[in-house]
Amino acid sequence: MSLVFRDAVAAALPSEERLRERLARLPDRAWMDLALLFAAALPEIDGVIALQGGEAFARALAASRGIPVLQTVNADHNLFPGEVALVTGHLRDGLPEMQALMRAERSGLRVLVAVAAIERTGAMGRTRLELHDVRVQSAVGLADTPGGLTFERRTPPGLLQRSS
């Protein structure tokens, strides 16, 4: 994982509010460093769909692969048929990602993978997506504890690698 990204996350813990602020101020170079790590591990895709909060990560990932970023997918406007990745800044319960997945499928796109900068490991996001045959890859797993957020000590499948 990119040390700049990990250090930015570590400096914000245990506060979720500080984490959001820190990620919003992260320089483009840090997102590109993180994207380059993911670019090599992703399957062949034709584009990325940027979810709210994941725009900078999506732009960096798309630039590293030479593919377009699809800001929105509208069922009435079929952009192009192909295989895509969902890119989110913070995977929690997976509901925004599931909505994007359904919109993409109605537009003729096939979502192969969801890429998350941050994954809340106690939430249902990973499970919801994997039940729809979407692999999940995340850079950092965070656990909710009584004292606030902390790095996940367990290694969930897909943390910097493909999920099964």
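Data block above holds the structure.
Residues numbered from 1 in each chain as written. Predicted model: local features only at pLDDT ≥ 70, side-chain atom pairs only at ≥ 80, totals over all residues. Heavy atoms only, no water.

In this section: the pattern of salt bridges. A side chain with one charge may pair with a side chain of the opposite charge, provided their charged atoms come close. For the structure shown, the criterion picks out nine salt bridges. Between R65 and E44 there is a salt bridge, with the nearest N and O atoms lying 3.6 Å from each other. With R65 in helix α4 (residues 55–65) and E44 in the loop between α3 (28–39) and β1 (47–50), this residue pair connects regions lying 21 residues apart in the sequence. For R65, a relative accessible area of 22% puts it in the partly exposed group. Note on E44: relative accessible area 63%, which makes it exposed. For E83, the salt bridge is made with R110, and the minimal N-O distance between the two is 2.8 Å. Of this pair, E83 sits in strand β3 (residues 82–91) while R110 is found in strand β4 (residues 109–120), placing the two residues 27 residues apart along the sequence. Relative accessible area serves as the criterion here: at 49%, R110 is assigned to the partly exposed category. Members of the salt-bridge network, linked through shared partners, are E16, R20, R92, R120 and D144. (Salt bridge = Lys/Arg side-chain N within 4 Å of Asp/Glu carboxyl O. Helix = DSSP H or I, 4+ residues; strand = E, 2+ residues; numbered from the N terminus. Buried < 20%, exposed > 50% of the residue type's maximum accessible area, 1.4 Å probe, protein only.)

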